[in-house]
Amino acid sequence: MNCPLQSEETRDLLLDYTANRLHEASVKQLELHMASCAACAAFRNDQAAVWSALDAWEPAPVSSHFNRNLWAKIDAAASAPWHEKVLQALRLGSWKPAAPLALAALAIAAGFLLDHPARQTVAANISVESPNAVVAVSASEADQVEETLDDIQLLYQFESPGAAAGARGQM
Amino acid sequence: MTPGTLADRLQPADPDAELMLQVRDGDEDSFRALLEKHRNPVVHFVDRMTQNPAISEELAQEVFLRVYRSRGTYEPTARFTTWLFRIATHVTLNWLRDRKKERGHVRLDDDGDGENRPREVADRTMSTEQQMLREVRMQEIRAAIALLPDKQRAAVLMHKYEEMEYSQIALTLGCSESAVKSLLFRAYETLRARLAHMESGHAGRDHAAREQMAREKIMKGATL
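1. Focus on the overall build of chain A
Right, so step 1: Looking only at helices and strands, one finds nine helices and zero strands in chain A.
Right, so step 2: For chain A, the proportion of its 171 residues judged to be buried stands at 23%.
Right, so step 3: A sequence separation of at least 24 residues applies to 42% of the contacts in chain A between residues at least 6 apart.
Right, so step 4: Taken as a whole, chain A presents about 12300 Å² of accessible surface, with 60% of it coming from carbon and sulfur.

2. Looking at the overall build of chain B
Right, so step 1: Of regular secondary structure, chain B possesses ten helices and zero strands.
Right, so step 2: Taken across its 224 residues, chain B has 46% of its residues classed as buried.
Right, so step 3: Sequence separation of 24 or more characterises 65% of the internal contacts of chain B that already satisfy a separation of 6 or more.
Right, so step 4: When the accessible area of chain B is evaluated, it comes to approximately 11500 Å², of which 49% is carbon and sulfur surface.

3. Remarks on the side chain of B:Thr89
Residue and element names in this part refer to chain B.
Right, so step 1: Looking at the secondary structure, you find Thr89 in helix α5 (residues 80–103).
Right, so step 2: A relative accessible area of 2% places Thr89 in the buried class.
Right, so step 3: Leaving out residues up to four positions away in the same chain, Thr89 has contacts with Phe45, Ala154, Met158, Thr172 and Leu173.

4. Examining the pattern of salt bridges
Residue and element names in this part refer to chain B.
Right, so step 1: All told, the structure shown has twelve salt bridges over all chains when counted by the stated rule.
Right, so step 2: Glu36 is paired through a salt bridge with Arg39; the nearest N and O atoms lie 3.3 Å apart. Pair noted here: Glu36 and Arg39 are both in helix α3 (residues 28–50), with a separation of three residues, about one helical turn.
Right, so step 3: Residue Glu36 is classed as partly exposed on the basis of its relative accessible area of 44%.
Right, so step 4: With relative accessibility at 16%, the residue Arg39 sits in the buried group.
Right, so step 5: One continuous salt-bridge network, built from bridges that share partners, spans Lys100, Asp150 and Arg153.

5. Observations regarding the interface of chain B and chain A
Right, so step 1: At the junction of the two partners, chain B supplies 50 residues and chain A supplies 38 residues.
Right, so step 2: In this assembly, chain B packs against chain A so that about 4300 Å² is buried in total across both faces, 64% of it on carbon and sulfur atoms.
Right, so step 3: The largest contributions to the chain B side of the interface with chain A come from B:Gln61, B:Lys160 and B:Phe185, which together make up 16% of the buried area.
Right, so step 4: A salt bridge links B:Lys181 to A:Asp12; the shortest N-O distance between them is 3.7 Å.

6. A short note on unusual backbone geometry
Right, so step 1: At A:Asn20, a residue that is not glycine, the phi angle is positive and equals roughly 55°.
Right, so step 2: We classify A:Asn20 as exposed; its relative accessible area is 71%.
Right, so step 3: The backbone phi angle of B:Glu163 is positive, close to 50°, even though this residue is not glycine.
Right, so step 4: For B:Glu163, a relative accessible area of 60% translates into the label exposed.

7. Brief notes about the confidence of the model for chain B
Residues and elements named next belong to chain B.
Right, so step 1: With 74% of its residues at a pLDDT of at least 70, chain B reaches an overall mean of 82.
Right, so step 2: Summarising per-element confidence for chain B, the mean pLDDT is lowest in helix α1 (residues 3–9) (47) and highest in helix α7 (residues 150–160) (97).
Right, so step 3: Low pLDDT, under 50, characterises residues 201–208; the stretch is placed with eleven contacts to residues that sit more than four places away or in other chains.

8. A word on helix α9 (residues 177–195) of chain B
Because each turn of an α-helix spans 3.6 residues, side chains separated by three or four positions in sequence point in the same direction.
Right, so step 1: Under the 1.5 Å per step criterion, the end-to-end length of α9(B) is 26 Å for 19 residues, consistent within 8% with the ideal 27 Å.
Right, so step 2: Every buried residue belonging to α9(B) is among B:Val180, B:Leu183, B:Leu184, B:Phe185, B:Ala187, B:Tyr188, B:Leu191, B:Arg192 and B:Leu195, and all of these are buried.
Right, so step 3: Next to the buried residues of α9(B) lie α1 (12–18) and α3 (38–55) of chain A together with α6 (128–146), α7 and α8 (166–173) of chain B.

9. Regarding the environment of B:Pro53
Right, so step 1: Here B:Pro53 lies in helix α4 (residues 53–69).
Right, so step 2: Distance from B:Pro53 to B:Val43, taken between C-alpha atoms, is 9.4 Å for residues ten residues apart in sequence.

10. As for the packing of aromatic side chains
Right, so step 1: With the rule as written, the count across this model stands at ten aromatic pairs over all chains.
Right, so step 2: Between A:Phe43 and B:Phe185, the aromatic rings sit 5.7 Å apart at their centres with planes inclined by 20°, giving stacked as the arrangement. Linking A:Phe43 in helix α3 with B:Phe185 in helix α9, this pair reaches from one chain into another.
Right, so step 3: Assessed through its relative accessible area of 6%, B:Phe185 is described here as buried.
Right, so step 4: Taking the centre distance of 4.9 Å and the plane angle of 65° together, the rings of B:Phe31 and B:Tyr68 count as edge-to-face. Here the residue B:Phe31 occupies a position in helix α3, and B:Tyr68 occupies one in helix α4, the gap between them amounting to 37 residues. An identical accessibility class is assigned to B:Phe31 and B:Tyr68; each is buried.
Right, so step 5: By way of ring pairs, the aromatic residues A:Trp71, B:Phe31 and B:Tyr68 are connected into one cluster.
Right, so step 6: Sitting above the plane of the A:Trp57 ring, B:Arg48 keeps its charged end 5.4 Å from the centroid.

11. Considering the state of the cysteines
All names here are of chain A.
Right, so step 1: In total, this model carries zero disulfides over all chains according to the counting rule given.
Right, so step 2: Between Cys3, a cysteine without a disulfide, and Cys40, which holds the nearest cysteine sulfur, the sulfur-to-sulfur distance is 3.5 Å.
Right, so step 3: By relative accessible area, which is 15% here, Cys3 ends up buried.
Right, so step 4: Not engaged in a disulfide, the cysteine Cys37 finds its nearest cysteine sulfur in Cys40; these two sulfurs lie 3.7 Å apart.

Thresholds, definitions, all that
- Residues numbered from 1 in each chain as written.
- Chains lettered and ligands numbered in written order.
- Predicted model: local features only at pLDDT ≥ 70, side-chain atom pairs only at ≥ 80, totals over all residues.
- Heavy atoms only, no water.
- Helix = DSSP H or I, 4+ residues; strand = E, 2+ residues; numbered from the N terminus.
- Buried < 20%, exposed > 50% of the residue type's maximum accessible area, 1.4 Å probe, protein only.
- Contact = heavy atoms within 4.5 Å.
- Areas by Shrake-Rupley, 256 points an atom, 1.4 Å probe, with all protein chains shown as cover.
- Salt bridge = Lys/Arg side-chain N within 4 Å of Asp/Glu carboxyl O.
- Buried area = accessible area lost by both parts, 1.4 Å probe.
- pLDDT = per-residue confidence, 0-100.
- Expected span 1.5 Å × (residues − 1).
- Phe/Tyr/Trp six-rings, centres within 6.5 Å; stacked < 30°, edge-to-face > 60°.
- Lys NZ or Arg CZ within 6 Å of the ring centre and 35° of its normal.
- Disulfide = S-S within 2.5 Å.

Okay, structure coming up:
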């Protein structure tokens, strides 16, 4: 067996040995090698010391109210206003995979707009070359304004109590 | 794609991923089961990463809150523990980064004055001197881990305490398997330099001398 410390690709064998994560066959081979390789034996000893030191590091016990606090947070998150939920969703990053696509779409749209800055020019051309078209556009705008005014008037009728009573009287 | 076919993709079957798929379908009991199983490992991981008990449970709760919030979009593309520890690592590294910004630099070992670290429960079978020696050793271990760079520390904790394979750690940290091996090798190299003097099953080199040093350290601390 070649010395595992000689190559970056095999040196983790010694880490795996200390962590008891090597197959039995590899363990035997490595132990045979370490019997004659002082560097590997020293590495094994030092690594074993680190391993056992880390074993001694016992974590602090988890508090008994951990679950209760977590469920309170879950409930609070569930009853949060919609804008906070949107912010949370952004923070969670589930949109991140779509970000490049969105950026590409924005870039294409920006490129398209830059490439076709002639909307106003076209409108001007229409007004010069075909006055009828301008008249048609103006007529449709006037219709829209009239419809909006009608809608507002209708809303006033609904909101006004007299109008509502009148409406009931007519029924 | 149906949940069943996604679960079938996992080789071997991951019962935790299956539970998470049930959480996705609205089963809160499955979430409770996952919480019971993974609460302690996550809290301990976060605690060892931050070495700040005052914040570690809050961060661990944030991890589970994110798991719960992400249930709707969960896809079992990796083992559940890999996904869970990816979130835990993300949350913890973000907190460490924010703290670094706040303080200007990280001093994870600055709780040696006992500001945040509660005294460990005394073992009645140990003498006072033994307990003090143990405390000195624990401080040494915590300081050695704290001085590792964040990613190396996360890799060591997942390798040592969660017994994760290199491939799992790689997925969790978002790097290649060879990068993980390299991270771990460098991390353990640093730890060997700092901790190899401690007694182990294999070798207790210069043990008496080290014990003497620890005693002197205790005496020095007592006279201050």
